[in-house]
Amino acid sequence: MSRTRRLRGFSRSDTTRAEAFSDGVLAIAVTLLALGLADPPHRPGGLGHALLAQWPAYLGYLASFGYVSVIWLNHHQAFVRVRVMDRGLHAANLLMLFSTAALSFPTAVVADALQADPDGSDARVAVALYAGLAAVMCLSWVAFYHQLARRPELLTPDVESTYVRHGRLRSWAGALAYGAAGLLGVLVAPLAAVAVFVVLPVFYFLTSDGFPEER
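Residues numbered from 1 in each chain as written. Predicted model: local features only at pLDDT ≥ 70, side-chain atom pairs only at ≥ 80, totals over all residues. Heavy atoms only, no water.

Caption draft 1: Quick look at the overall build of the protein. Within the protein, the regular secondary structure consists of nine helices and zero strands. When the helices and strands of the protein are read in sequence order from the N terminus, they spell out α-α-α-α-α-α-α-α-α. Dimensions of the protein along its principal axes, counting C-alpha atoms only, are 75 × 40 × 30 Å. When burial is assessed residue by residue, the protein has 40% of its 215 residues classed as buried. Each charge sign in the protein was given a centre, from 17 positive and 15 negative side chains, and these centres are 14 Å apart. (Helix = DSSP H or I, 4+ residues; strand = E, 2+ residues; numbered from the N terminus. Buried < 20%, exposed > 50% of the residue type's maximum accessible area, 1.4 Å probe, protein only. Lys, Arg positive; Asp, Glu negative; His and termini not counted. Charge placed at Lys NZ, Arg CZ, Asp CG, Glu CD.)

Caption draft 2: Main features of the pattern of salt bridges. Inspection of every chain in the model, using the stated rule, returns two salt bridges. Put simply, Asp119 and Arg124 hold a salt bridge, and the shortest N to O gap is 2.9 Å. (Salt bridge = Lys/Arg side-chain N within 4 Å of Asp/Glu carboxyl O.)

Caption draft 3: Spotlight on the nonpolar core. The biggest cluster of nonpolar side chains holds 48 residues, and the ones touching the most others in it are Tyr67, Val82, Tyr130, Phe144, Leu148, Tyr178 and Phe197. Secondary structure elements with two or more residues in this core: α2 (16-35), α4 (55-81), α5 (87-101), α6 (104-116), α7 (121-150), α8 (163-187) and α9 (190-206). With 14 residues, α7 is the largest single contributor of residues to this core. Contacts of Tyr178, omitting those with residues within four sequence positions, involve Tyr67, Tyr130, Ala131, Ala134, Ala135, Cys138, Phe197, Leu200 and Pro201. (Core = buried A, V, L, I, M, F, W, Y, C linked by side-chain atoms within 4.5 Å. Contact = heavy atoms within 4.5 Å.)

Caption draft 4: Focus on the side chain of Asp86. Position of Asp86 relative to the elements: it lies in the loop between α4 and α5. There is no salt bridge for the buried Asp86, and the closest opposite charge comes from Arg151, which lies 4.3 Å off by N-O distance. Among the polar contacts listed, one links the side chain of Asp86 to the backbone nitrogen of Leu89, at a separation of 2.9 Å. (Polar contact = N/O pair within 3.5 Å; in protein donor to acceptor, adjacent residues only side chain to side chain.)

Caption draft 5: Seen up close, the packing of aromatic side chains. Under the counting rule described, the total for this entry stands at ten aromatic pairs. Aromatic ring contacts, followed pair by pair, group Phe79, Trp141, Phe144, Tyr145 and Tyr163 into a single cluster. (Phe/Tyr/Trp six-rings, centres within 6.5 Å; stacked < 30°, edge-to-face > 60°.)

Caption draft 6: Local environment of α9. The end-to-end C-alpha separation of α9 is 25 Å, in line with the 24 Å expected for 17 residues at 1.5 Å each. Where α9 is buried, its residues contact α4, α6, α7 and α8. (Expected span 1.5 Å × (residues − 1).)

Caption draft 7: The arrangement of the environment of Asp119 in detail. Take Asp119: it is sitting in the loop between α6 and α7. It is 29 Å that separates the C-alpha atoms of Asp119 and Thr31, two residues lying 88 residues apart in sequence. The residues touching Asp119, leaving out its near neighbours within four places in the chain, are Arg124, Val188, Ala189 and Pro190. Polar contacts involving the side chain of Asp119 include one to the side chain of Arg124, which spans 2.9 Å.

By themselves, these are just geometric observations and shouldn't be taken as functional.
Below is the structure:
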């Protein structure tokens, strides 16, 4: 059988290129977040006030940097366990990168809207936008773990028996939590949603090694 015939269709591959590409996208995503922190326009002697006035930008950076950081951490932990990639796993990984790369956009929208009016209608729309994209990022991980559950041969033989179930649970919890935070911001107060956005990455960091009863 010729090599051309053997490689017909989508071939499984090792994880090297996917990991390198993912690390690059995540690094750029963090850089874009940092570029959102700018020297504010001010009159002579008014720099301190101008810096304090753009506090929503700092909150947005904190929430989004924390989110991208735990994604990078969990991505690394996932690829310690993934042995080979197939088309479905590539698709889920690309969806995760697609949503992560776009995170700087709603972060800037939230910062601008909160700075203009912390309780206005624009701020409510802005936190809903952020929550929607963040939930999509969580759902991309649901797809990632779903593919691993369907194709356990993609994993290393010594992977923990609870790894996929644990990952799915955390991903669904995150999607629901970000969705609830968006509703909270729209119906109650945008700043309440931002507080949830800041706290949720801490949850993901603390549970990256499993829930307490699973350790």
